[in-house]
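One letter stands for each residue in the lines below.
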Amino acid sequence: MSAAASKGAVIVTGAASGIGFATTQLLLAQGYRVVGCDLARGRLAERDSADLHFDALDVRDAAALHASVTAEAARGHAITGLVACAGIITRTPYLELDEETFDRHLDVNLKGPLFACQAVLPAMRRQGKGSIVLFSSSIARSGSAHGAHYAASKGGVLGLARSLALETAREGVRVNVISPGVTDTPMPRGHASDEEVYAKAAKVPLGRIGQPDDMAQAVLFLLSDDSSYVTGQDLRVSGGANLF
Amino acid sequence: MKTVLITGGASGIGLATARRMALTMRVIIVDRDGARATRAAQELQDSGASAFAYAADVTKSDEITAMMAQAAREAGPIHAMFCNAGVSMKQPVHKISEADWDLMIKTHVKGVFLCTRAVLPQMCERREGVIVTTGSDYSVRGKTDGAAYAAAKTAIYSLTKSLALEFAPFNIRCNSVGPGPIETPMLRAGRTEEEWAPIRTARAAQVPMGRLGQPEEVASVVDFLLSDRSSYITGQIIHPNGAQISW
């Protein structure tokens, strides 16, 4: 039995860039199988591994997520993990926030994780084993000027995860959240220059912004048996910023 | 090989963590009960690990100072510290004596202060270090008949977060672990297996996960927080508590 067969398959949404890609790399290196889901292959094209399968899908498409999970099971792999990284952010002043922008953030950032959890849960329940990691954000607590829609969607992830954790606690399925601070990914580049992104380190006690691998290491911990009694929790990987 | 010092390291969560950390680090076990500390260190040495044992009461600054000096001579630099020594107490608030209150606060809060104060200078000098303290999920949700314990454990969180902020510029990380109901000698409180079994069942039924945690399940969280795997995590609390609270 290969290492990937024993550790099982992890569904990673948003796998083509940023934290999702770093997570995919680390999981493959640690002997997991990964089903990387994203709109396009992106950086996954850099990886050539028999343990990596790519599915082009939009996380707002519940049927596509179900099909991805079903196909992976049909290939003979146990679905032992879900890491929901897919997310979007735009910066919009509150009174300019139109309904389409609001809905799109709630759909991708909150309904996407809901659909992904619904897709993997039946298999995890049958196995009596599974670990789900959802991504919130420091902004869920701190709020963000021009980011109310994003903050609302990420706050929703906390409620979703905690409730699901209670619902599945006796079924061997753990559900936890990671809340990153500013991280060195393409996401903040949509509204900030490199210089502006790195300047945010000045407000971080540890003196640097987060790296995708910092988040990937936290994901690995939460997927592994090292966190076997940890569920319903929010792990804030933020360099000491926002200690509340 | 790096060295971790563990207070309250001779039993329960401390001992489980000592066993886990001994796989990758030199371990210094500190306990009030010197004989118990020596037995624990002997067990680790027998399994091929490098281990030291010292008797010290974390509430006594002279004992901590003397212990740290001896550890520096015998075991060398200390790279990591797990401040875990604790005592439990169950008393309605109006029946808590002042002496008992002081013991709770001294053991948990002053103990963490004295131990971290003793190790931080060498960590600052090396510009590297990591500290983990033991809280409790009672500090978040409160506890009937556990006011002193809960207050002391909550103070540990405030202290740890402040340490995290103050020493982040020195590349020193400080985090807490906040266990839920873990099957330790503290929780069993000397009960026989016969007495304990029905209590275990009743306690387990209150936990969403439906079971008590094992000390090893806290040790693996502490290991994560002491390792470079958590190099961007500071000032945080991880609760291994079977979803008893989500925080």
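What you are looking at is a predicted structure, and each value in this text was computed from that prediction instead of being measured.

Asker: Which residues make up the overall build of chain A, and what are the values?
Answerer: A tally of helices and strands in chain A yields 9 helices and 7 strands. In terms of overall size, chain A behaves like a compact globule, its C-alpha atoms giving a radius of gyration of 17 Å where 244 residues would be expected to give roughly 18 Å. Viewed in the frame of its principal axes, chain A has a C-alpha envelope of about 50 × 35 × 35 Å. Buried residues in chain A amount to 55% of all 244 residues. Considering only intrachain contacts with a sequence separation of at least 6, the fraction spanning at least 24 residues in chain A is 69%.

Asker: So what about the sheet that holds strand β2 (residues 33–38) of chain A? Which residues, and what values?
Answerer: Residues and elements named next belong to chain A. If you trace the 7 strands from one edge of the open sheet to the other, you get β3-β2-β1-β4-β5-β6-β7, paired in parallel fashion. Every interior strand has two partners, whereas the edge strands, β3 (52–56) and β7 (234–237), have only one. Each neighbouring strand pair of the sheet contributes to a mean axis angle of 20°, computed without reference to strand direction. Here 5 bridges tie β2 to β3, and the two strands are oriented parallel to one another. Counterpart to D38 in the pairing with β3 is A56.

Asker: For the side chain of A:H105, give the residues involved together with the corresponding values.
Answerer: Residue and element names in this part refer to chain A. Tracing the sequence through the fold places H105 in helix α4 (residues 99–127). For H105, a relative accessible area of 0% puts it in the buried group. Once residues lying within four places of it in the same chain are set aside, the contact partners of H105 are I88, I89, T90, L110, H149, Y150 and S153.

Asker: Account for unusual backbone geometry, with residues named and values stated.
Answerer: A positive phi angle is found at A:H146, which is not glycine, with a value near 70°. Turning to its location among the elements, A:H146 is positioned in the loop between α5 (139–142) and α6 (148–168). A:H146 sits in the partly exposed class, given a relative accessible area of 42%. Residues other than glycine seldom take positive phi values, yet B:N171 does so here, at roughly 60°. Inspection of the secondary structure assignment puts B:N171 in the loop between α6 (147–167) and β6 (172–177).

Asker: Can you lay out the pairing of strand β4 (residues 80–83) of chain B for me, pointing to particular residues and giving the numbers?
Answerer: When a strand is regular, its side chains alternate between the sheet's two faces. Residue and element names in this part refer to chain B. Of the two faces of β4, the one lined by A80 and F82 and the one lined by M81 and C83 are each fully buried. In terms of strand pairing, strand β1 (residues 3–7) meets β4 through 3 bridges, oriented parallel. Within the sheet, the bridge partner assigned to V4 lies in β4 and is A80. Taken together, the 4 bridges between β4 and strand β5 (residues 129–134) define a ladder with parallel strand orientation.

Asker: Let's hear about the interface of chain B and chain A: which residues, and what values?
Answerer: Opposite the 37 residues of chain B that make contact, chain A presents 34 residues. Taken together, the two surfaces of chain B and chain A that pack against each other cover about 3100 Å², and 58% of this comes from carbon and sulfur. Inspection of the chain B/chain A interface yields 2 salt bridges. Across the pair B:R229 and A:D226 runs a salt bridge whose closest N-O atoms are separated by 3.3 Å. Viewed at the interface, chain A and chain B are joined by 19 residue pairs in polar contact (both at pLDDT 80 or more).

Asker: Pulling in residues and values, what's your account of helix α3 (residues 61–74) of chain B?
Answerer: All names here are of chain B. If you check α3, its first and last C-alpha atoms are 20 Å apart, about what 14 residues at 1.5 Å a residue would give, namely 20 Å. Taken as a whole, α3 has its buried residues at I64, M67, M68 and A71. Viewed end-on, α3 has its buried residues packed into an arc of 100°, placing them on one side of the element. Among the exposed residues of α3, those pointing more than 90 degrees away from its buried face are D62, T65 and R73. In this structure, the buried side of α3 is in contact with β1, β2 (26–31), β3 (51–55), β4 and α4 (98–126). Of the residues trailing α3, G76 is marked for its positive phi of about 90°.

Asker: Which residues make up the side chain of A:S228, and what are the values?
Answerer: The topology assignment puts A:S228 in the loop between α9 (212–223) and β7. Judged by its relative accessible area of 18%, A:S228 falls in the buried class. Not counting residues within four places of it along the chain, the set of residues in contact with A:S228 comprises A:R174, B:M209, B:R211 and B:E217.

Definitions and limits used
- Residues numbered from 1 in each chain as written.
- Chains lettered and ligands numbered in written order.
- Predicted model: local features only at pLDDT ≥ 70, side-chain atom pairs only at ≥ 80, totals over all residues.
- Heavy atoms only, no water.
- Helix = DSSP H or I, 4+ residues; strand = E, 2+ residues; numbered from the N terminus.
- Rg over C-alpha atoms; globule rule 2.2 N^0.38 Å.
- Buried < 20%, exposed > 50% of the residue type's maximum accessible area, 1.4 Å probe, protein only.
- Contact = heavy atoms within 4.5 Å.
- Pairing = 2+ DSSP bridges.
- Axes fitted to C-alpha atoms, helices over the stretch in contact; angles between N-to-C directions.
- Buried area = accessible area lost by both parts, 1.4 Å probe.
- Salt bridge = Lys/Arg side-chain N within 4 Å of Asp/Glu carboxyl O.
- Polar contact = N/O pair within 3.5 Å; in protein donor to acceptor, adjacent residues only side chain to side chain.
- Expected span 1.5 Å × (residues − 1).
- Arc of directions from axis to C-beta.

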